[in-house]
Amino acid sequence: LEAMGVAMTPSAMPAAVPVARLALVNVAVKPKNPVQGSAPESYLSAGSGVIVSPKGYVVTALHQIQNFKEIMVQVQTPQGVRPYSAKIVKVAPEHNLVLLKLISQDTFAYLPIAPRGTLRIGDPVEALGDPTGQQAVRQRGTVARKAVNQPVSVGKVQLTHLIATDAINHWSQS
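This report concerns the structure included in the present document. (Residues numbered from 1 in each chain as written. Predicted model: local features only at pLDDT ≥ 70, side-chain atom pairs only at ≥ 80, totals over all residues. Heavy atoms only, no water.)

A few points about the pattern of salt bridges
A pair can form between side chains of opposite charge whenever their charged atoms are brought close. Taken as a whole and assessed by the stated rule, the structure comprises four salt bridges. Two residues, Asp 106 and Arg 82, come together in a salt bridge whose shortest N-O distance is 2.7 Å. One end of the pair, Asp 106, is in the loop between strand 6 (97-102) and strand 7 (124-129); the other, Arg 82, is in strand 5 (residues 80-92), with 24 residues separating them in the sequence. (Salt bridge = Lys/Arg side-chain N within 4 Å of Asp/Glu carboxyl O. Helix = DSSP H or I, 4+ residues; strand = E, 2+ residues; numbered from the N terminus.)

Pasting the structure below:
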C-alpha cells in the first residue's frame, strides 16, 4: 500500500489497533454469472480492505473485485456488522489496488493515509484481514525490505516496488 501512500507509523500503531478493527472491512462480490445451483443474489466473500477516509473510501486488492457484478462491503460498527454497497472510484492495476466508495452518508472509523516512504526496515507492522466480515485475523511482524524489485505475478499483472514483511501468512490479508 505504500505505493498509494498507505502506511502507519510505528508510534501510532498501539493506539490505532482498536480503530484498525473498525476500519478493517470484508469485501464481498456478486458474480456476473452465478455458479449453477447457487442463489442468484448471493454475495461471495472476496477478501479484506481498509477504510482510509471518514467519508467511506476503501482501499483493497484489485484482483478481489475484478469481473464481478456488484460489490458489497461489510463494516464492523459498534452496533455490529453492517453491509454497504460500494462503487469503484479508481483502479491502479500496476499495484493491484482499487479505491472503492461506500454508498452512504455515514461517517466511518478509518486509518489515515500516511506520507509515502515513512516505513523503515525493522519497523513493526501488523497485517490484518477479515475473511468473513466477523472475525479479524492479525499477524505482527517487521519490515524486512523495501522496494522489492523482483516481480510478483497476480493474474496477468507483474507487481514491483513491494515491501517485504514477515507479518502476512494468511490468504485473507490480501
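So much for the structure itself; the text now carries on.
A word on the nonpolar core
Judged by nonpolar contacts, the single largest core of 26 residues is most densely connected at Ile 51, Val 73, Val 75 and Leu 102. Every element with two or more residues in this core is listed here: helix 1 (13-23), strand 1 (24-31), strand 2 (44-51), strand 3 (57-61), helix 2 (62-65), strand 4 (68-77), strand 5 and strand 6. Top element by residues in this core is strand 6. It accounts for five residues. When near neighbours in sequence (up to four residues on either side) are disregarded, Ile 51 contacts Leu 22, Ala 23, Val 25, Gly 56, Tyr 57, Val 58, Val 75, Leu 102, Phe 108, Ala 109, Tyr 110 and Leu 111. (Core = buried A, V, L, I, M, F, W, Y, C linked by side-chain atoms within 4.5 Å. Buried < 20%, exposed > 50% of the residue type's maximum accessible area, 1.4 Å probe, protein only. Contact = heavy atoms within 4.5 Å.)

As for the side chain of Thr 77
Its place among the elements puts Thr 77 in strand 4. Of the polar contacts made by the side chain of Thr 77, one reaches the backbone oxygen of Gly 80; its length is 2.5 Å. (Polar contact = N/O pair within 3.5 Å; in protein donor to acceptor, adjacent residues only side chain to side chain.)

As for the environment of Gln 105
With respect to the secondary-structure elements, Gln 105 resides in the loop between strand 6 and strand 7. Gln 105 sits 51 residues away from Pro 54 along the chain, and the two C-alpha atoms are 9.9 Å apart.

So, the packing of aromatic side chains
Under the definition given, this model contains one aromatic pair. Relative to Phe 108, the ring of Tyr 84 lies with its centre 5.1 Å away and its plane at 75°, an arrangement referred to as edge-to-face. Residue Tyr 84 is found in strand 5, and its partner Phe 108 is found in the loop between strand 6 and strand 7; the two are separated by 24 residues along the sequence. Considered together, Tyr 84 and Phe 108 belong to a single accessibility category, that of buried residues. In this arrangement the basic side chain of Lys 101 is found over the ring face of Tyr 57, its NZ or CZ atom lying 5.6 Å from the centre. (Phe/Tyr/Trp six-rings, centres within 6.5 Å; stacked < 30°, edge-to-face > 60°. Lys NZ or Arg CZ within 6 Å of the ring centre and 35° of its normal.)

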